[in-house]
Amino acid sequence: MVDTLPRPDPLAAVGEALESASAGAGRLVLLAGEAGSGKSTLIRQFADTAARRHEVLVGYCEPLSTPRPGGPLLDLAPRLGGELAHLLREGRRDHLLDAALAAMTAGDATRVVVFEDIHWADALTLDLLGFLARRIDGHRLLVLASYRDDEVDPQHATRAWLGDVTAYPGVRHVSVPALTVGEVTRLAEGSGLDPASLMAQTDGNAFFVSEMIAAGTPLPGRVRDAVIARLQRLPEPARRALAAAAVLGPRAEPQTLLAMPEVRATSLDECVSGGFLRFDPPAFEFRHEIVREAVLASLGPAALRSLHAAALSLLAARAEPDLLPRLAEHAERCGDRAAVLRFAPEAAEHASRLGAHREAAGQLARAVAAADLEPAARRADLLERWATELWLTGRHQAAVAPRTEALELRRSLGDPAGIASGLTMFARLYLDLARPAEAAAAADEAVRVLADGPQDAAYGRAIAALAGLELVMARYPTAIEYAELALRVADEVDSTWIRSHALGTLAYARMAEGDLDALPLAEQGLQLAVSNGLHDLAGRAYQNLSCLGVDYGLPELAERFQPDGLAYCRAHDLEGNGICLESDRLLYLIDAGEWEAAASDAPALLALVDPSPILRFVALVPTVRLLIRTGQPHADLLAEATRIAATLSDPPRLTQALAARAESAWLSGTLSAMRADLERALDDAVATGDRWIVAEVAYWLHRLDPDRPLPEQMDGAWAVELLRPPREAAETWRRLRRPYAAAVALLAGDEADLREALSVLTELGAVPAARIARARLRELGATGVERGPRPATAANPWGLTAREDEVWGLLAQGLTNAEIAGRLVLSERTVHHHVSSVLGKLGVRTRTEAAALAAQAGQHQLQPGQQMPIR
């Protein structure tokens, strides 16, 4: 075997990160390179050196068809110990990420933690790395995570994650480059191979070069052929040992490997000396995954089946939770249906408890495929569980088929509770698919099926679902009635699920009617869901509270619940709820004037793959609103959102679409064309009793006809704008953290109001509204009105916006992102975007350098104890 050359530049970059971590400024280094580029070699070289002074821990992601939830963390837990190992063993997600950080940073010594191959990572592992990325800056911790950048395409889960974390101050990105022609020439010396041909066939891939050289002449046409050619030189016992190791996975413990059929210690030694395996205590591992793939490709179907059966037999006796995904995979690959039906559902249950719902769905799909001959009740149960996990992860359309088959099976069994449960879930699913009539029919039938039976848990769930349906349709009095009935049933049967669901519905309905004293009910429902591991209800509760904050003028709810809600949904694979929360977060940023931060995050929502109609709609709304207000082309996206809205039954969502159309029409001078649509919407809003929506729709009609009588059922800032003077309305909007709306309100005022509005709109980049402000100033005969917008940052020598300059000042004081967020009443993620922008514009890498530059430039110099003024 010819080893790869040391790569000095990547090693130096990782070494610098270790020095920083040793000084208390922790780092997460993302080590990228194509398969075979030398990432693992670099990690080993670095780890060998670092281990002389620091503790080095390594965890692995594995190429299983359904990954182990938290796989690398399972590898690390025995060394980290403490509460972490207990939480993993019990399948408990609560406090898991905090426990992992605490374990990794315990003591005063610097620790190095390696996550290998995160392109195979599950959602829990990516959540953990993201959690560490946000908090690592103040710890003596270096986290090194490698991944294949050639496999992480735009649709890959790791790609979106990379986009989120790479801008954090403690994150560094290091690439492992291909070999140069000179390096290939030096490696090929004495091999008899032509370096130019070698370079042409391998593109400088370090592993491919070494394999080609090791294979000798004639030069194989493919790298896999080169590996197989070397395999043939091994003695037969060594090839059998290598085959057994390949089936067990990238890493295999000696006791397990030696227990496989016909595997001897001497044969393993030959595999190591031949360059196929290496022993990295406590396990044997393949030198590269490509070697393992080539070994597997060299085996026939019968041999593979036999080896998977042997592995299943050996590992089944251990029955450890972290082995369940492997056991399910071995069972499937050896065709043991009974074993699949034993281990795949267990693996799914464990994954679901950890919040790894995507992995749970994968395991249940495997179980359903093996359950053709199972009794109807057993198959229905598996189908229902699979559909639920698909729904939780936002794959609504995919959930229809298993949910339909399960319901048919329940009907064939004459199982009223099962039928009602299936119909209840269908009601929720149909709403997500923008099929409200079918949702209503399913919910009604669920109640009818159980009407003659006892008011048990099944009945309570059906009533709770019906209450939720009435809530979505904004029929608040009926929603309250059903929710209160569901609560009575919950008390009788002691059901936490029913109680949590009903509390959330009751609170939202009452608050939408103007009763803000109902907020504690919503908080109680959320706490019940979180503390009892009811992931779907917790996601729903966070989403409802966020929606109230954004749609009903309660910014404190958005600020309080959006960050925690997003973190919870990401941690538990609640993709549907997470998308809705992210949409609300972006809408909050837009309303709060944080347009740069919103613009950087909105494209990720539009890139969703095959979303349900409701998820596509909520993904469209923030981008449409931002494009309208900045005067950019938006007609196609607005038309798409309008088409989807026509299929929905959700008044707040319908109002979002209508308001976007109205704002676009007003800014372009075509609002009169919407009179009929606005009048119908107002009648509908009055009928539902949603006072905030009534006021918003009435506002747009008032712009068309100021003499039109105003409805009595109005509440919120829209009502203030309709009923009070412009400056009072603007002040109301400012209290709600909505500077754009405040400026627009001032457009109805005098010259001073208009000048103030123009200043704010210009600063925001609200080109169309600023154009209206200028036109009205000229109508009043005002002089000195600028002809067009000028960049608000022109006077700043660093090109910073006013907000960025403000953030720089607070950063220079040594405030953390969380402290800056609290001072400026922003989300921590928004502050993170501002800090990243400030560092980029200043041309510095760290917060310390930014603070030093502030002092050097004479910016933000404060006397001891003096506070930075907040504009």
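Each chain carries its own residue numbering, running from 1 in the written order of its sequence. Confidence filtering applies because this is a predicted model: local features only for residues at pLDDT of at least 70, side-chain atom pairs given and counted only at 80 or more, and all residues used for totals across whole chains, interfaces and linings. As a convention, hydrogens and water are excluded, and side-chain values are obtained from all of the structure's heavy atoms.

Undergrad: Run through the overall build of the chain, naming residues and quoting values.
TA: For the chain, the count of helices and strands is 45 helices and eight strands. Each principal axis of the C-alpha distribution contributes one length, and for the chain these read about 95 × 80 × 50 Å. Using a 1.4 Å probe on the protein chains alone, a residue whose accessible area is under 20% of its type maximum counts as buried, one over 50% counts as exposed, and one in between counts as partly exposed. Considering the chain as a whole, with its 871 residues, one finds that 58% of them fall into the buried category. Residues count as neighbours in contact if any of their non-hydrogen atoms are within 4.5 Å of one another. At a minimum sequence separation of 6, the contacts of the chain that also span at least 24 residues come to 64%. Residue exposure ignores everything except the shown protein chains as possible cover, and the areas themselves are Shrake-Rupley values with a 1.4 Å probe. Of the accessible surface of the chain, which amounts to about 34800 Å², a share of 52% is contributed by carbon and sulfur atoms. Working definition: helices are DSSP H or I runs of at least four residues, strands are E runs of at least two. Numbering for both runs from the N terminus.

Undergrad: So what about the sheet that holds strand E8 (residues 283-286)? Which residues, and what values?
TA: Pairing between two strands requires that DSSP report at least two bridges joining them. Taking strand neighbours across the sheet as the criterion, the three strands line up as E6-E8-E7 in an open arrangement whose pairing is antiparallel. Every interior strand has two partners, whereas the edge strands, strand E6 (251-252) and strand E7 (277-280), have only one. Note: E7 against E8, four bridges, orientation antiparallel. Paired with Asp280 across the two strands is Ala283, which belongs to E8. Its contacts with the sheet place helix H12 (residues 236-248) against E6, E7 and E8, and it is angled at close to 95° to E8. Every angle, taken between N-to-C directions, lies between 0 and 180 degrees, and every axis is a line fitted to C-alpha atoms, over only the stretch in contact when it is a helix. Of the strands in this sheet, E7 and E8 touch helix H14 (residues 265-273), which is tilted by about 105° from E7.

Undergrad: Go over the sheet that holds strand E1 (residues 27-33), please, and point to the residues and values.
TA: Reading across from one edge, E2-E3-E4-E1-E5 is the order of the five strands in this open sheet, with parallel pairing throughout. The sheet is open, and its two borders are formed by strand E2 (55-60) and strand E5 (171-175), each paired with just one other strand. Adjacent strand axes in the sheet meet at a mean angle of 20° when their direction is disregarded. The pairing of E1 with E5 spans five bridges and is parallel. Bridge pairing in E5 links Leu30 to His173. Contacts from helix H2 (residues 39-50) reach E1, E2, strand E3 (111-116) and strand E4 (141-148), with the element oriented near 165° to E4.

Undergrad: Help me get a handle on the pairing of E4, residues and values and all.
TA: Here E4 lies mainly inside the structure; eight of its eight residues are buried. Of the two faces of E4, the one carrying Leu141, Val143, Ala145 and Tyr147 and the one carrying Leu142, Leu144, Ser146 and Arg148 are both buried. Direction of pairing for E1 relative to E4: parallel, over a ladder of seven bridges. Across the sheet, residue Leu31 finds its bridge partner in E4, namely Ser146.

Undergrad: Break down the packing of helix H38 (residues 726-735) against helix H39 (residues 739-746) for me, with residues and values.
TA: Where H38 contacts H39, the two axes come as close as 8 Å, and the packing angle between them is 175°. Here H39 runs roughly antiparallel to H38, going by the angle between their axes. On H39, the residues touching Pro726, Arg727, Ala729, Ala730, Trp733 and Arg734 of H38 are Ala741, Ala742, Ala745 and Leu746. Throughout, the ten residues Ala, Val, Leu, Ile, Met, Phe, Trp, Tyr, Cys and Pro are labelled nonpolar, Asp, Glu, Lys and Arg are labelled charged, and all others, Gly among them, are labelled polar. Looking at the contact of H38 with H39 residue by residue, the class counts come to eight nonpolar, no polar and two charged. By definition in this entry, angles of less than 35 degrees are roughly parallel, angles greater than 145 are roughly antiparallel, angles of 65 to 115 are roughly perpendicular, and the rest are oblique.

Undergrad: Could you give me a rundown of the state of the cysteines, with the residues and numbers involved?
TA: Note that a disulfide, as used here, is simply two cysteine sulfur atoms within 2.5 Å. Taken as a whole, this structure holds zero disulfides when the rule is applied. Unpaired in terms of disulfides, Cys547 finds its nearest cysteine sulfur in Cys580, a separation of 8.6 Å.

Undergrad: How would you sum up helix H40 (residues 751-764)? Please name residues and give values.
TA: Working rule for helices: expected span equals 1.5 Å times residues minus one. The end-to-end C-alpha separation of H40 is 20 Å, in line with the 20 Å expected for 14 residues at 1.5 Å each. The set of residues buried in H40 consists of Asp753, Leu754, Ala757, Leu758, Leu761, Thr762 and Leu764. Along the axis of H40, the buried residues cluster in a sector spanning 160°; they form a single face. Where H40 is buried, its residues meet helix H31 (595-606), H38, H39 and helix H41 (767-779). What the arc measures is the spread of directions leading from the helix axis to the C-beta atoms.

Undergrad: Lay out the nonpolar core in plain terms, naming residues and giving numbers.
TA: As used in this record, nonpolar core signifies buried Ala, Val, Leu, Ile, Met, Phe, Trp, Tyr and Cys residues forming a set joined through side-chain atoms within 4.5 Å. Judged by nonpolar contacts, the single largest core of 163 residues is most densely connected at Phe617, Leu671, Leu678, Tyr740, Leu747 and Leu761. Setting aside residues no more than four positions away along its own chain, Tyr740 makes contact with Asp591, Trp595, Arg629, Glu663, Leu667, Leu761, Leu764, Ala766 and Ala769. Ala32, Leu73, Ala103 and Leu162 belong to the second largest nonpolar core, which has 44 residues in total.

Undergrad: Which residues make up the packing of aromatic side chains, and what are the values?
TA: Ring pairs shown here join Phe, Tyr and Trp side chains whose ring centres sit within 6.5 Å, with only the six-membered ring taken for Trp; geometry is labelled stacked below 30 degrees between planes, edge-to-face above 60, and tilted in between. Enumeration over the complete set of coordinates arrives at nine aromatic pairs. Plain terms: the ring middles of Tyr699 and Trp718 are 4.7 Å apart, the flat faces sit at 50° to each other, and that makes the pair tilted. Here the residue Tyr699 occupies a position in helix H36 (residues 691-704), and Trp718 occupies one in helix H37 (residues 717-723), the gap between them amounting to 19 residues. Here Tyr699 matches Trp718 in class, with each residue buried. Members of the aromatic cluster, connected to one another through ring pairs, are Trp666, Tyr699, Trp700, Trp718 and Trp733.

Undergrad: I'd like a rundown of the confidence of the model for the chain, residues and numbers included.
TA: pLDDT measures the predictor's confidence residue by residue and takes values from 0 up to 100. For the chain, the mean per-residue pLDDT works out to 86, and 91% of the residues sit at or above 70. In this model residues 1-8 is a low-confidence stretch, pLDDT under 50, and it forms 23 contacts with partners more than four residues away in sequence or in other chains. Contacts of residues 789-794 to residues separated by more than four positions or lying in other chains number seven contacts, the stretch itself having pLDDT below 50.

Undergrad: For the pairing of E8, give the residues involved together with the corresponding values.
TA: What you see with E8 is no split at all: Ala283 and Glu285 on one side and Phe284 and Phe286 on the other are buried throughout. Alignment of E6 against E8, held across two bridges, turns out to be antiparallel. Opposite Ala252, over in E8, you have Phe284 as the bridge partner. As consecutive antiparallel partners, E7 and E8 are separated by two residues.

Undergrad: Summarise the pattern of salt bridges; cite the residues concerned and give the values.
TA: Salt bridge, as used here: a side-chain nitrogen of Lys or Arg that lies within 4 Å of a carboxyl oxygen of Asp or Glu. Going through the model one piece at a time under the given rule, you end up with 49 salt bridges. Among the salt bridges present, the one from Asp536 reaches Arg428, with a minimum N-O distance of 3.7 Å. Here Asp536, found in helix H28 (residues 535-551), pairs with Arg428, found in helix H22 (residues 416-432); they are 108 residues apart in sequence, far enough to count as distant. Comparing Asp536 with Arg428, the two get one shared label, buried. Via salt bridges that share partners, Asp591, Arg625, Arg629, Glu663 and Arg738 belong to a single interconnected network.

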